[in-house]
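# Report on the structure
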Amino acid sequence: MFCKNCGAEMNDMAAVCVSCGTAKGVGENYCPNCGASTAPGAAVCLTCGVALTQQAAAAVSGNQKSKTVAGILAILLGQLGIHNFYLGYTKKAIIQLLVTLLLSWTFIAPMGIWVWAVIEAVQIFQGKINDANDVPLA
């Protein structure tokens, strides 16, 4: 493992680089896999091919969530927060679920949650919402 800030070799268990004092995983000047110099903002290392960003890693490994699935879940089951559970926004999903279940007798609260979910569905289809790990939806 190499420091992403200075390129010095690091112990895998180290929390900071002993050469420059930067926290593990911070920086974008060097590849953490091979230590080669990288361009700031690069998605992959040109020397060894390892993904340098979460978005690139998700695209390579196929871990991207589906924009279509998330949008349809928001429209059909948005009152229950199912689309937010799918995207990894657990706290927001629990709020939507509890408001809908506990205030279902008011009719206004579930309708408000549904409007909120439809707005999120539009944002999902426009590509304005990523998953909880900030990986764009496929």
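Look up: the structure comes first, before these words.
The present account deals with the structure reproduced in this document.

What counts as what
In this numbering scheme, every chain counts its residues from 1 along its sequence in written order. Reporting in this predicted model follows two pLDDT cut-offs: at least 70 for local features of residues, and 80 or more for side-chain atom pairs to be given and counted; totals over whole chains, interfaces and linings ignore these cut-offs and use all residues. Side-chain metrics in this entry use all non-hydrogen atoms of the structure; hydrogen atoms and water are not considered. Strands here are runs of E lasting at least two residues and helices are runs of H or I lasting at least four, both read from the DSSP assignment and numbered beginning at the N terminus. Every helix has an expected span of 1.5 Å times one less than the residues it contains. Only protein chains enter the accessibility calculation, which uses a 1.4 Å probe; a residue whose area is less than 20% of its type maximum is buried, one above 50% is exposed, and one in between is partly exposed. In this description, one arc is meant: the one made by directions from the helix axis to the C-beta atoms. Any two residues having at least one pair of non-hydrogen atoms within 4.5 Å are treated as being in contact. Each axis is a line fitted through C-alpha atoms, taken for helices only over the stretch in contact, and angles between the N-to-C directions span 0 to 180 degrees. Reported orientations rely on four angle classes, namely roughly parallel under 35 degrees, roughly antiparallel over 145, roughly perpendicular from 65 to 115, and oblique for the rest. Charged residues are taken to be Asp, Glu, Lys and Arg, nonpolar residues to be Ala, Val, Leu, Ile, Met, Phe, Trp, Tyr, Cys and Pro, and polar residues to be all remaining types, Gly included. Geometry of aromatic contacts follows a simple scheme: Phe, Tyr and Trp rings, the Trp one being its six-membered ring, pair when their centres are within 6.5 Å, and the pair is stacked under 30 degrees between planes, edge-to-face over 60, tilted otherwise. Charges are assigned to positions over rings by a cutoff of 6 Å between ring centre and Lys NZ or Arg CZ, combined with an angular limit of 35 degrees from the ring normal. Patches were defined on residues exceeding 30% relative accessible area and lacking a salt bridge, with like-charge contacts within 9 Å and nonpolar side-chain contacts (Val, Leu, Ile, Met, Phe, Trp, Tyr) within 5 Å. Only the protein chains shown count as cover for residues, and all accessible areas are computed by the Shrake-Rupley method using a 1.4 Å probe. For this analysis, a salt bridge means a side-chain nitrogen from Lys or Arg found within 4 Å of a carboxyl oxygen belonging to Asp or Glu. Here, the term nonpolar core denotes a set of buried Ala, Val, Leu, Ile, Met, Phe, Trp, Tyr and Cys residues that are joined through side-chain atoms within 4.5 Å.

### Points about helix 4 (residues 90-102)
With 13 residues, helix 4 should cover 18 Å at 1.5 Å per step; its first-to-last C-alpha distance of 18 Å lies within 8% of that length. Here helix 4 has its buried residues at Ala93, Gln96 and Thr100. Buried positions in helix 4, seen along its axis, are confined to an arc of 65 degrees and lie on one side of it. Across from the buried face of helix 4, at angles greater than 90 degrees, the exposed residues are Lys91 and Leu102. Turning to helix 4, the residues buried within the fold contact helix 3 (82-87) and helix 5 (108-126).

### A look at the packing of helix 4 against helix 5
One way to put it is that helix 4 packs onto helix 5 with a least axis distance of 8 Å and a crossing angle of 150 degrees. Our classification of the angle between helix 4 and helix 5 gives roughly antiparallel. The segment helix 4 lies against helix 5, with Lys92, Gln96, Val99 and Thr100 engaging Ala109, Pro110, Ile113, Trp116 and Glu120. Taken together, the residues of the contact of helix 4 with helix 5 sort by class into five nonpolar, two polar and two charged.

### Observations regarding the packing of aromatic side chains
Considering all chains together, one arrives at zero aromatic pairs under this definition. Residue placement shows Lys65 over the ring face of Tyr86; its charged tip is 5.4 Å from the ring centre. One Lys or Arg, Lys92, reaches over the ring of Tyr89 and ends 4.9 Å from the middle of that ring.

### Some thoughts on the environment of Ala132
Of note, Ala132 is situated in the segment after helix 5. Looking at Ala132, the relative accessible area reads 40%, which means it is partly exposed. Once the C-alpha coordinates of Ala132 and Gly88 are considered, the two residues, 44 residues apart in sequence, prove to be 5.0 Å apart. Apart from the residues within four sequence positions on either side, Ala132 is in contact with Leu87, Gly88 and Tyr89.

### Some remarks on a nonpolar patch on the surface
A cluster of nonpolar side chains, contributed by Phe85, Ile94, Leu98, Leu101, Leu102, Leu103 and Trp105, occupies part of the molecular surface with about 730 Å² of accessible area. Ranked by residue count, the leading element in the nonpolar patch is helix 4, at four residues. With respect to the helices and strands, Phe85 occurs in helix 3.

### A word on unusual backbone geometry
Phi at Phe107 is positive, roughly 70 degrees, even though this residue is not glycine. Relative to the helices and strands, Phe107 is located in the loop between helix 4 and helix 5.

### Concerning the nonpolar core
Counting residues in hydrophobic clusters, the biggest one holds seven residues: Ala70, Ala74, Leu87, Ala121, Ile124, Ile129 and Leu137. At the level of elements, helix 2 (67-77) and helix 5 are the ones that each hand at least two residues to this core. Setting aside residues no more than four positions away along its own chain, Ala74 makes contact with His83, Ala117, Ala121 and Ile124.

### What about helix 5?
An ideal rise of 1.5 Å per residue puts 27 Å on 19 residues; helix 5 measures up with 27 Å between its terminal C-alpha atoms. Within helix 5 the residues assigned to the buried category are Ala109, Pro110, Ile113, Ala117, Glu120, Ala121 and Ile124. Buried residues in helix 5, looked at end-on, bunch into an arc of 120 degrees, giving them a common side. Along its buried surface, helix 5 packs onto helix 2, helix 3 and helix 4.

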